[in-house]
Amino acid sequence: MTPSVAESAACLDGLLRSRCSVRAFRDEAVPRETVLEILRVAGRAPSNSNTQPWRVHALAGEAIRELEAAITAVFDSGQLPPPHHFPAPLPDEYGARQADFAARYYQALGIDRTDAAARTRQTRRNFGFFGAPVGLIFSIDACLKPHSWLDLGLYLQSVMLAARSRGLDTCPQVSFAPYHAVIAPVLGLPEGQVTVCGMSLGYRDERAPVNGLQMPRRDVSEFVRTMGF
Ligand SMILES: Cc1cc2nc3c(=O)[nH]c(=O)nc-3n(C[C@H](O)[C@H](O)[C@H](O)COP(=O)(O)O)c2cc1C
């Protein structure tokens, strides 16, 4: 039976509200077929002229460990990754939200913000996909422009919602992007592809305090103007 409009809205709104970044996972495998089902239905995402510029490299088991070892070797060597994904300086408005995120994040983890070593250890956990059974790396053709990255963003959100609707959780991770030069040979990325981000995928560990983090959102009145209604 086709769901009513109210039922559809309740279902999608529920998925949107229940999605959050999960950074601790249960030791429970996700079948390859389930991963492919999620990545397939997410492919319904729209894209400019239907160009579908996303590429996904789905890893589990040994493939995750191999990538983690390669990235952490560079991370641990203290070599700074190439320029960061935010401009410097970050305009005040965004800088304030970034600082608010950091404060809440480290508090949820029980990490003192002045404890640089503990913060580094937590950042390092990104590269093992926070212990998730599945790690996704998203890449795009380097010649494409910002609007194609927008297409990839729509695909990412579709993946996260398709995962949520199956009782799975995710964490999108830009932390992988600066390590493209390490990732490309390990995963055998095709020539011309660039790493956009990674994503952890698995079943949320309900007991982990970090998963209790609930990031606030601006009220709609702060970012929407309405005209002519
Ligand atoms: C493009 C993108 C990159 C992100 N990169 C990381 C990351 O590298 N590591 C991490 O722990 N969280 C990362 N996040 C998660 C954000 O911190 C999170 O989405 C934000 O704080 C809002 O919280 P929520 O996802 O729980 O609603 C990223 C999110 C996005 C959309």
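Residues numbered from 1 in each chain as written. Predicted model: local features only at pLDDT ≥ 70, side-chain atom pairs only at ≥ 80, totals over all residues. Heavy atoms only, no water.

Looking up the protein in an unreviewed UniProt entry gives the name Nitroreductase, with the organism given as Hydrogenophaga intermedia. According to the UniProt record, the Sequence similarities (unreviewed entry) comment for the protein is "Belongs to the nitroreductase family." Quoted straight from UniProt, the Cofactor (unreviewed entry) entry for the protein says "FMN". (UniProt positions renumbered as here; feature names shortened; annotations may be inferred.)

The subject of this paragraph is the UniProt feature "domain: Nitroreductase" (unreviewed entry) in the protein. Summarizing the sequence annotation, UniProt attributes the feature "domain: Nitroreductase" (unreviewed entry) to residues 16-203 in the numbering used throughout. Within the segment residues 16-203, helix and strand shares are 45% and 15% respectively, and the terminal C-alpha atoms sit 17 Å apart. (Helix = DSSP H or I, 4+ residues; strand = E, 2+ residues; numbered from the N terminus.)

Next up on the list: the environment of Y105. Relative to the helices and strands, Y105 resides in helix α4 (residues 92-109). Separated by 30 residues in the primary sequence, Y105 and G135 place their C-alpha atoms 21 Å from one another. Ignoring sequence-local partners within four residues, the contact set of Y105 consists of R23, Q122, F130, V210 and L213. (Contact = heavy atoms within 4.5 Å.)

Turning our eyes to something else, we now look at the site of the ligand. Within the structure, the ligand sits among 14 residues, and S21, R23, V174, S175 and R217 are positioned closest to it. In this structure, P172 approaches the ligand through a main-chain N or O atom, which is 3.1 Å from a nitrogen atom. Between the ligand and the protein, one listed contact pairs an oxygen atom with a side-chain N or O atom of S175 at 2.4 Å. Its free accessible area being 620 Å², the ligand has 71% of it covered by the protein chains. Residue contributions to the shell around the ligand peak at three residues, all from strand β3 (residues 169-173). (Near = heavy atom within 4 Å. Polar contact = N/O pair within 3.5 Å; in protein donor to acceptor, adjacent residues only side chain to side chain. Areas by Shrake-Rupley, 256 points an atom, 1.4 Å probe, with all protein chains shown as cover.)

Glancing now at a nonpolar patch on the surface. Residues V220, F223 and V224 make up a contiguous nonpolar surface patch of about 270 Å² in total accessible area. As for its placement among the helices and strands, F223 is situated in helix α8 (residues 220-223). (Patch = residues over 30% accessible without salt bridge, like charges linked within 9 Å, V, L, I, M, F, W, Y side chains within 5 Å. Salt bridge = Lys/Arg side-chain N within 4 Å of Asp/Glu carboxyl O.)

The residue T195 is located in strand β4 (residues 193-202) in this model. Engagement of the side chain of T195 in a polar contact is seen with the side chain of H180, the distance being 2.8 Å.

This paragraph deals with unusual backbone geometry. At the junction of A88 and P89, the peptide bond is cis and its omega measures out at 0° in the coordinates. As for its placement among the helices and strands, P89 is situated in the loop between α3 (61-76) and α4.

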